[in-house]
Amino acid sequence: MDSSVRLDKWLWAARFFKTRSVARDAVSGGKVHLNGNRVKPSRLISAGDDLRIQRGEEEFIITVVEPSLRRGPAVVARTLYEESEENRSRREKLAEERKLERQKHLTRERRPDKRQRRKIIRFKDTFN
């Protein structure tokens, strides 16, 4: 393998972003930091570099293990980087909190549907 790879290519190969252009836009937009600094998509990265990747509400703090130009299966892509157990548990905890928050909003009261309205009308007619 090469000793260094463009940052946008590596992010695509490691399956953090679906396309290279999306990876390039994320790096240009400040969503990816290399060793604590904002960089350009063409910046070369090598093994041992630290990355902070903001993808939506998720934040990955990883260390590059192996630079790669090829996008392979997800199982192979996970071997290209290491994520600390502390960061992984924090990320999973936040994801669980977001999931619970969404479920809480799904139980809101809604307007009655057509069938329920007919039942209400029938119920009211019994008292008139």
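Residues numbered from 1 in each chain as written. Predicted model: local features only at pLDDT ≥ 70, side-chain atom pairs only at ≥ 80, totals over all residues. Heavy atoms only, no water.

**Student:** Any chance you could explain the overall build of the chain here in plain terms?
**Tutor:** When you go through the chain residue by residue, the secondary structure sums to five helices and seven strands. Moving toward the C terminus, one meets the helices and strands of the chain in the order β-α-α-β-β-β-β-β-α-β-α-α. Taken against the 2.2 N^0.38 rule, which gives 14 Å for 128 residues, the C-alpha radius of gyration of the chain at 24 Å runs more than 25% over that of a compact globule. By its C-alpha atoms, the chain is 85 × 30 × 30 Å across when sized along the principal axes. Looking at the chain residue by residue over its 128 residues, the buried ones come to 26%. Long-range contacts, defined here as pairs at least 24 residues apart, represent 48% of the contacts in the chain between residues at least 6 apart. (Helix = DSSP H or I, 4+ residues; strand = E, 2+ residues; numbered from the N terminus. Rg over C-alpha atoms; globule rule 2.2 N^0.38 Å. Buried < 20%, exposed > 50% of the residue type's maximum accessible area, 1.4 Å probe, protein only. Contact = heavy atoms within 4.5 Å.)

**Student:** Got a minute to help me understand the packing of aromatic side chains in this structure?
**Tutor:** Between two aromatic rings, the relevant description is the distance of the centres plus the angle of the planes. The full count for this structure, using the stated rule, is five aromatic pairs. Between Phe 123 and Phe 127 the ring centres are 5.1 Å apart and the planes differ by 80°, which places this aromatic pair in the edge-to-face class. Comparing Phe 123 with Phe 127 shows no difference in burial state: the two are exposed. Aromatic ring contacts, followed pair by pair, group Trp 10, Phe 16, Phe 60 and Tyr 81 into a single cluster. (Phe/Tyr/Trp six-rings, centres within 6.5 Å; stacked < 30°, edge-to-face > 60°.)

**Student:** Explain the confidence of the model for the chain to me, please; I cannot follow it from the model alone.
**Tutor:** The predicted coordinates should not be examined in detail at positions where pLDDT is low. Mean pLDDT over the chain: 91, with 97% of residues reaching 70 or higher. Mean pLDDT values over the elements of the chain span from 89, in helix H4 (residues 85-106), up to 96, in strand E2 (residues 32-34). (pLDDT = per-residue confidence, 0-100.)

**Student:** How do you make sense of the environment of Gly 29 when you look at a structure like this?
**Tutor:** Position of Gly 29 relative to the elements: it lies in the loop between helix H2 (20-28) and E2. The spatial distance from the C-alpha of Gly 29 to the C-alpha of Lys 40 is 9.4 Å, given a sequence separation of 11 residues.

**Student:** Even after reading the chapter, I still don't get the nonpolar core, so can you show me in this structure?
**Tutor:** Inside soluble globular proteins, nonpolar side chains tend to come together where they are buried. In terms of nonpolar packing, the biggest core is built from 21 residues, with Trp 10, Leu 11, Phe 16, Val 32, Leu 51 and Ile 53 touching the most fellow members. Elements with a contribution of two residues or more to this core: helix H1 (7-13), H2, E2, strand E5 (50-55) and strand E6 (58-64). Ignoring any residue separated from it by four or fewer positions in sequence, one finds Val 32 in contact with Leu 7, Leu 11, Phe 17, Ala 26, Val 27, Val 39, Leu 51, Arg 52 and Ile 53. (Core = buried A, V, L, I, M, F, W, Y, C linked by side-chain atoms within 4.5 Å.)

**Student:** Would you mind showing me how to read the sheet that holds strand E7 (residues 81-83) here?
**Tutor:** In sheet architecture, strand pairing relies on hydrogen bonds along the backbone and comes in two forms, parallel and antiparallel. The strand order across the open sheet built from five strands is E3-E2-E5-E6-E7, with neighbouring strands paired in antiparallel fashion. Either end of the sheet is taken by a strand with one partner, and the two such strands are strand E3 (37-38) and E7. Looking at chain direction, E5 and E6 are connected through six bridges and run antiparallel. Pairing of Ile 53 across the sheet is with Phe 60, part of E6. Along the sheet, H4 contacts E6 and E7; its crossing angle with E6, the most-contacted strand, is approximately 165°. (Pairing = 2+ DSSP bridges. Axes fitted to C-alpha atoms, helices over the stretch in contact; angles between N-to-C directions.)

**Student:** Which parts of the structure should I look at to understand the pattern of salt bridges?
**Tutor:** Where charged atoms of side chains with opposite charge meet at close range, the side chains can pair. Summed over all chains, the structure comprises 10 salt bridges. Two residues, Arg 98 and Glu 57, come together in a salt bridge whose shortest N-O distance is 2.8 Å. In this pair, Arg 98 is assigned in helix H4 and Glu 57 in the loop between E5 and E6, connecting sequence segments 41 residues apart. The salt bridge involving Arg 90 is made with Glu 59; its shortest N-O contact spans 3.9 Å. Of this pair, Arg 90 sits in helix H4 while Glu 59 sits in strand E6, placing them 31 residues apart in sequence. (Salt bridge = Lys/Arg side-chain N within 4 Å of Asp/Glu carboxyl O.)

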